[in-house]
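Take a look at the letters that make up each chain.
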Amino acid sequence: MKIESSTIVSSRPALSQRAGLWWGLLGVLAFSFTLPFTRIAVEGLSPLFIGSGRAVIAAALAGIALAATGQRLPTAAQWGRLALVAGGVVVGFPMLTSYALTTSSAGHGAVVIALLPAATAIMAVLRVKERPAASFWTFAGLGAVAAVCFAALQGGGFGSLGAADLLFFGAVLAAAVGYAEGGLLARELGSWQTVSWALVLAAPVMIAAAGFAMAQEPPTATPVQWLAFAYLAAVSMYLGFFAWYRGLAIGPMAQISQVQLTQPVMTIAWAALLLGEPVGWTTIAGGLAVIACAGLAVRARLRAAAVRRTGPARDDTADATPVSGAPSALSAKPAG
């Protein structure tokens with residue numbers, strides 16, 4: 001039975017978006033500790049072991065959860081899309097940031113990775129073939145320039161833009177692809193099911209990489225470094241995505257991505273508290289510039305989407321619940 005009441009239709013999406021923002025903020029809070037804890041872990045563990053080992057442990061947790069709840073296997077098409085998610089958030093981002101943080105500070109990485117919300121919005125635009133306003137692309141481009149300038153100034157000039165900065169930019173691209181595709185898949189498979197299947201899919205490669213890393217450089221970490229690694233495996237690699245993909249699935253995806261603008265601020269604060277990293281004026285100025293550009297880019301896209309919307313708003317909360325089978329209607333025309 002369908003009720004065509006405009007009152008009911010207009011009220012439910014507001015609640016959905018509010019819930020999506022809170023789920024997204026919870027995920028961002030979990031992710032904000034990732035760089036500081038990675039910086040702690042790389043002092044006693046190799047970057048390859050951190051990037052692969054955390055995925056192996058998370059995949060074990062995912063396998064247990066999937067088996068215990070009797071989840072059905074994804075379809076062939078969904079497996080292909082899960083490969084994009086796995087490549088972005090299971091392999092790409094953890095590996096690239098682990099190597100970058102062997103020579104860079106967590107605060108520095110946080111400012112460069114502040115581009116991620118705008119990058120995620122760009123990937124969402126490309127994925128669903130929308131046509132945002134020209135101002136969106138302008139602000140996204142300015143954000144990229146601001147991040148490059150910040151990294152160059154921190155390194156002593158444009159000629160000294162280091163390998164760590166390139167790794168961070170690569171991590172941003174990888175995560176943006178994984179976030180956008182994962183957000184769409186979460187509407188079909190469910191939030192925790194999406195990250196769980198992605199981890200299981202990547203498990204054989206990550207197990208081999210972890211074994212190779214242990215053979216090349218046996219772990220010699222302190223208890224504190226092992227605790228940091230445990231957080232990366234259980235929370236950054238798995239539990240945090242429960243909330244993050246849930247928020248993206250509720251959507252609209254670009255609006256939910258705005259809450260990630262708080263992540264660099266939180267990460268820099270944790271790095272100062274946990275690692276004693278100094279917070280200089282260049283870090284503050286660079287962070288504000290990148291966050292401002294990213295925020296304007298996302299807001300420009302939201303305004304453009306609001307102008308184009310002609311039909312009644314939809315409630316996406318139902319599509320964020322776990323389902324196993326055919327894709328939902330939202331998968332063909334995502335909100336936003």
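Scroll up a little and you will see the structure.
Remember, predicted model here, so these are calculated numbers, not experimental data.

J.: How would you summarise the pattern of salt bridges if you had to cite specific residues and measurements?
T.: Evaluation of the coordinates by the stated rule reveals 3 salt bridges. Note that glutamate 43 and arginine 39 form a salt bridge whose closest N and O atoms lie 2.7 Å from each other. Using a relative accessible area of 53% as the deciding quantity, one classes glutamate 43 as exposed. For arginine 81, the salt bridge goes to glutamate 181, with nearest N and O atoms at 2.7 Å. Pair noted here: arginine 81 is in helix 4 (residues 76-100) and glutamate 181 is in helix 8 (residues 163-189), with a separation of 100 residues, a long-range link. Of the two residues examined, arginine 81 and glutamate 181, each falls in the buried class. Via salt bridges that share partners, Arg81, Glu181 and Glu188 belong to a single interconnected network.

J.: Run through the packing of aromatic side chains, naming residues and quoting values.
T.: Counted according to the given criterion, the structure contains 16 aromatic pairs. Consider the rings of tryptophan 192 and phenylalanine 242, whose centres lie 6.3 Å apart with planes at 35 degrees: the pair is tilted. Highlighted residues: tryptophan 192 in helix 9 (residues 191-216) and phenylalanine 242 in helix 10 (residues 223-250), separated in sequence by 50 residues. Accessibility expressed as a relative area gives 16% for tryptophan 192, which makes it buried. In this structure phenylalanine 242 comes out as partly exposed when scored by relative accessible area, which is 27%. Here the aromatic residues Phe31, Tyr179, Phe241, Trp244 and Tyr245 are joined through ring pairs into a cluster of three or more.

The rules behind each value
- Residues numbered from 1 in each chain as written.
- Predicted model: local features only at pLDDT ≥ 70, side-chain atom pairs only at ≥ 80, totals over all residues.
- Heavy atoms only, no water.
- Salt bridge = Lys/Arg side-chain N within 4 Å of Asp/Glu carboxyl O.
- Buried < 20%, exposed > 50% of the residue type's maximum accessible area, 1.4 Å probe, protein only.
- Helix = DSSP H or I, 4+ residues; strand = E, 2+ residues; numbered from the N terminus.
- Phe/Tyr/Trp six-rings, centres within 6.5 Å; stacked < 30°, edge-to-face > 60°.

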